[in-house]
Amino acid sequence: MGSVQIVTTILAAAITAVAVWLAVRAVMKMTAVIRLGQPAPERFGDKGARTKKMLVETAGHTRMLKWSVVGAAHWFVMVGFIVLSLLVLEAYFEVVSPGGGLPIIGHWTIFGLATEWIGILGLAGILVLMAIRLRNRPTRPGGRSRFTGSTMWQGYFVEWVVLLVLIFGFIIRGFKVATDHFEYPVWATPLSHAVGAALPAWTAGVSVAAVIKIAISMTWLIVISLNVTMGVAWHRFLAFPNIFFKRDPEKPAGSGLGPLRPMTSEGKPLDFEEADPEKDQFGVAQVEQFSWKGLLDFSTCTECGRCQSQCPAWNTGKPLSPKLLVLSLRDHAYAKAPYLLAGGGKDLTGEEKATQEQLAGVDVLAMAEADRPLIGTAEEGGVIDPDVLWSCTTCGACVEQCPVDIEHVDHIVDMRRYQVLIESSFPSEAGVMLRNLENKGNPWGAPQNTREDWTKGLGFEVPRVGEVDDFEYLFWVGCAGAFEDRAKKTTRAVATLLNEAGVSFAILGEGETCSGDPARRIGNEFVFQMLAQQNVETLNEAFDGREKSKRKIVATCPHCFNTLGNEYGQLGGEFEVVHHTQLLAHLVSAGKLTPVQPVDGGVTYHDPCYLGRHNRIFAAPREVLGDSIQGELTEMPRNSERSFCCGAGGARMWMEEKIGKRINVDRVEEAMSTGAKTIAVGCPFCSTMLNDGVNGKGAGEQVEVIDVASVLLRSVKPEAPAGEPEVAPAAS
Ligand code: SF4
Ligand code: SF4
């Protein structure tokens, strides 16, 4: 060993020792913070499916590749990081000896070939990612981007480290070539040989370049260890467990889509008949009341801003960004952690759990952080502003986009649950809806005995469950479908088409109440449970004696469809629920309904969030429309998985939209930009929102918003009106 190698070896050992010590400390700190969360025993089930999903999503980059260029570039960088870690290890042999290398595999040409090309593609990948970050920097001319609010120096730092580590990898190899210490042939390692041709035959160069590469890598480790909230770096490790522990490993996309999680206390679902707010946790009022998976979610956020770029609230000037919400919760959790780890925290009656002695050594900043309300305005020092919390439409665009499977909607609803159930704090205008649900069983407060009024004048009998036993489908009408004028047209169109196709169906009539979706999504789990239990009982009775595959329900409202199909199982109601567009598509393809007259003027389709993103039904409504117009649909730029919300979900239908541009107007402008004369929808709430948007723009004469079923009816029975409802919705 020469003098240069003695120096490089000492330097490499010293910086590595410091980095490893800090990294161990950081991992212990992070683990301690995540363990502060509540239990989530359900996350440990089905380890085989979880492992498979984790491997598919990480190795296959299935989520990232939705953004093809970024996804491909990131894939090479990720593979480069994993494989080229071996080359960082090899650098430790090179600081000791210029001819050093990894034992055994370091002599294989295949290893040289693989690392060479992964290095080259990794270089290309990181340059692409750097260019994308620069092009989308928030300070660029033209305003906000998906990186607005991200900690930009951290992103730049990580990217430069990757770039320099890759470059120094080739410089080391170049010096080895130049000094005849390189074993791999030119055909396998062309770039290394090209670099070697440009470098002097300086033997010590190998060890010097190797120690620089180690210093860069260890500086990275030191910086991230001193910044445990640096998700842009830590996600390289945390993404794996975060994906492994996702809510539902079987789901093709975001596992936080579809049903909401039941309310839990100490990891167990809450039974409202016995629950006591002084003993049981009702939603989330403190950051440590999220489950440990919630805290892992917050720690894993890469600050990529994909969620933010798709969020309808953020895109229309509301203060909500799912990314910033996650970052606020993360920063708060880590800032409050010293207080919690010392034994601090409030019990469910609001009393401090720790003694004075326990808190004596806690940093004042952590104590101050602990005093901040989780939900509160800037003046109150709140972590999340109420306007942020209530701007969410639960559309799921954030969950769908997140490459590391963060479950934003669950966290938002958990915070809403505490605000509604314990604080009674929510936008006051939604109070009327909740009262109507409790007292009248529907959000409009319409009399229950008018639920069947839509059947009047149809020209055929609509049977009720009980009057007939051998129905194939129970037609779940929904509150909008029974009481709201436009939605009644859809209900009548569906009934007419089912009758035309010879499908045997029956309705519950006055036996139906609201599915409970708006109550659940605003956070009123108590009212949801009340309505849902009643409906489950009614439906179980209606299907008494039938196996699950014969307990078929067709629903026109995607919110009912989602609640009945995905959430009633939590309460003992197992049904086969289809959306009316699915059933209609089946009836057309089976030849039971025949579109005869093409609907002209052009049609575009708006995907309802709870049908599309939350339940992945994209094809059926498009098939029905394609058959009806006997041609191609005109798609909006944001469609299918990336469809833009109408603004009504998450009980936003019942709240005023006071901040920013109206979401429905934004969506209507997009729909009208296609030039289509018909905007087809598959949801009564979307219908209301888009109709309001069209009328607000004074375009009611040029553009029509109607349900897919009405479009089909016009084509199947051109002479039949979709059925004007005779009765206006009753006011509460
Ligand atoms: S669910 Fe939709 S509205 Fe809510 S934060 Fe996510 S993207 Fe935004
Ligand atoms: S998409 Fe996921 S990882 Fe990216 S900023 Fe949003 S929450 Fe964080």
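Just above sits the structure.
What counts, and where the lines are drawn
- Residues numbered from 1 in each chain as written.
- Chains lettered and ligands numbered in written order.
- Predicted model: local features only at pLDDT ≥ 70, side-chain atom pairs only at ≥ 80, totals over all residues.
- Heavy atoms only, no water.
- Helix = DSSP H or I, 4+ residues; strand = E, 2+ residues; numbered from the N terminus.
- Rg over C-alpha atoms; globule rule 2.2 N^0.38 Å.
- Contact = heavy atoms within 4.5 Å.
- Areas by Shrake-Rupley, 256 points an atom, 1.4 Å probe, with all protein chains shown as cover.
- Lys, Arg positive; Asp, Glu negative; His and termini not counted.
- Charge placed at Lys NZ, Arg CZ, Asp CG, Glu CD.
- Phe/Tyr/Trp six-rings, centres within 6.5 Å; stacked < 30°, edge-to-face > 60°.
- Buried < 20%, exposed > 50% of the residue type's maximum accessible area, 1.4 Å probe, protein only.
- Lys NZ or Arg CZ within 6 Å of the ring centre and 35° of its normal.
- 1 Å grid on protein atoms, 1.4 Å probe; cavity = no way out; pocket = protein on both sides within 12 Å on 5 of 7 lines; lining within 4 Å.
- Points joined across faces, edges and corners; volume = space filled by probe spheres on them.
- Near = heavy atom within 4 Å.
- Nonpolar A, V, L, I, M, F, W, Y, C, P; charged D, E, K, R; others polar.
- Pairing = 2+ DSSP bridges.
- Axes fitted to C-alpha atoms, helices over the stretch in contact; angles between N-to-C directions.
- Polar contact = N/O pair within 3.5 Å; in protein donor to acceptor, adjacent residues only side chain to side chain.
- Right-handed = clockwise from strand over helix to strand, strands pointing away.

Asker: Hey, could you run me through the overall build of the protein chain in this one?
Answerer: For the protein chain, the count of helices and strands is 28 helices and 9 strands. Against the globule reference of 27 Å for 732 residues, the protein chain gives a C-alpha radius of gyration of 30 Å, in line with a compact fold. Once local pairs closer than 6 in sequence are excluded, the contacts in the protein chain between residues at least 24 apart make up 77%. As displayed, the protein chain has an accessible area near 28,600 Å², and 58% of this comes from carbon and sulfur atoms. Charge separation in the protein chain, taken as the distance between the mean sites of 68 positive and 81 negative side-chain charges, equals 6 Å.

Asker: Can you help me understand the packing of aromatic side chains in this one?
Answerer: Each aromatic ring pair is described using two quantities: the centre-to-centre distance and the angle formed by the ring planes. Summed over all chains, the structure comprises 21 aromatic pairs. Measuring from ring centre to ring centre gives 5.8 Å for F272 and F282, while their planes differ by 75°; the resulting arrangement is edge-to-face. In this pair, F272 sits in the loop between strand 2 (268–269) and helix 9 (292–300) while F282 sits in the loop between strand 2 and helix 9, placing the two residues 10 residues apart along the sequence. Measuring from ring centre to ring centre gives 5.1 Å for F290 and F298, while their planes differ by 85°; the resulting arrangement is edge-to-face. The residues F290 and F298 share a single accessibility class, namely buried. Three or more aromatic residues link up through ring pairs in this structure, and these residues are F44, F244, F245 and W292. For the cation-ring pair, R25 lies above W21, with the distance from its terminal atom to the ring centre recorded as 5.3 Å. A cation over a ring is seen here: R638 above F644, with NZ or CZ 3.8 Å from the ring centre.

Asker: When you look at the layout of surface pockets in this model, what are you seeing that I'm missing?
Answerer: The gaps left among the atoms become clear once a water-sized probe is rolled over them. Counted as a void, the second largest pocket has a volume near 410 Å³. Elements that contribute at least two residues to the lining of the second largest pocket include exactly helix 3 (68–96), helix 5 (152–178), helix 7 (204–226) and helix 8 (231–244). Take the lining of the second largest pocket: its biggest share by element is 9 residues, from helix 3.

Asker: When you look at unusual backbone geometry in this model, what are you seeing that I'm missing?
Answerer: Most peptide bonds take the trans configuration, and most residues that are not glycine carry a negative phi. In this model, D46 sits at a positive phi of 50°, which is unusual for a non-glycine residue. Tracing the backbone shows D46 in the loop between helix 1 (3–34) and helix 2 (47–59). For D46, a relative accessible area of 47% gives the class partly exposed. For D180, which is not glycine, the phi torsion reads 65° and is therefore positive. If you trace the backbone, D180 turns up in the loop between helix 5 and helix 6 (190–198). Classification of D180 by relative accessible area gives exposed; the value is 70%.

Asker: Just to check I follow, could you spell out the environment of F471 for this structure?
Answerer: The residue F471 is located in the loop between helix 18 (430–440) and strand 3 (473–476) in this model. Not counting residues up to four positions away in its chain, the partners in contact with F471 are V465, S504, F505, A506, A542, F543 and R546.

Asker: Explain the site of ligand 1 here, please?
Answerer: C311, P312, L320, P322, C392, T393, T394, C395, G396, A397, C398 and V409 make up every residue found near ligand 1. Within the shell around ligand 1, the residues separate by chemical class into 9 nonpolar, 3 polar and no charged.

Asker: How should the sheet that holds strand 4 (residues 505–507) be read in this particular structure?
Answerer: Sheet strands line up and pair through hydrogen bonds in the backbone, either parallel or antiparallel. A sheet is described by the order of its strands in space; here 4 strands give the open sequence 4-3-5-6, paired in parallel fashion. Every interior strand has two partners, whereas the edge strands, strand 4 and strand 6 (576–579), have only one. For this sheet, the mean inter-axis angle between neighbouring strands, taken without regard to orientation, is 30°. Bridge analysis of strand 3 against strand 4 gives 3 bridges, and the strand direction is parallel. Opposite L474, over in strand 4, you have A506 as the bridge partner. Docked against the sheet, helix 23 (residues 558–567) engages strand 3, strand 5 (552–555) and strand 6, running at close to 165° with respect to strand 6. Of the strands in this sheet, strand 3, strand 5 and strand 6 are in contact with helix 24 (residues 580–589), which crosses strand 6 at around 80°.

Asker: What is the right way to read the side chain of E159 from this model?
Answerer: The topology assignment puts E159 in helix 5. There is a polar contact of 2.9 Å between the side chain of E159 and the side chain of R133. Apart from residues lying up to four places away in sequence, E159 is in contact with I126, L129, M130 and R133.

Asker: Can you help me understand the environment of E452 in this one?
Answerer: You can see E452 is positioned in the loop between helix 18 and strand 3. For E452, a relative accessible area of 18% gives the class buried. Sequence-distant contacts of E452, that is, excluding residues within four places in its chain, are made with R464, I507, G509 and E510.

Asker: Quick question: what am I supposed to make of the sheet that holds strand 8 (residues 678–681) here?
Answerer: A sheet is described by the order of its strands in space; here 3 strands give the open sequence 7-8-9, paired in parallel fashion. Of all the strands in the sheet, the pair left with one neighbour each is strand 7 (603–605) and strand 9 (704–707). The sheet shows a mean angle of 30° between the axes of neighbouring strands, taken without regard to direction. In this sheet, strand 8 lies alongside strand 7 in parallel orientation, the contact comprising 3 bridges. When the sheet's bridge partners are listed, V603 is paired in strand 8 with T678.

Asker: Mind showing me how you'd approach the pairing of strand 6 here?
Answerer: Note on strand geometry: in a regular strand, side chains alternate between the two faces of the sheet. By the alternation rule, side chains of strand 6 split into V577 and H579, which are all buried, and E576 and V578, of which none is buried. Of the strand pairs in this sheet, strand 5 and strand 6 are connected by 4 bridges, and their pairing is parallel. Residue A555 lies in a different strand from strand 6, and its bridge partner there is H579. Considered for its hand, the β-α-β crossover made up of strand 5, helix 23 and strand 6 is right-handed.

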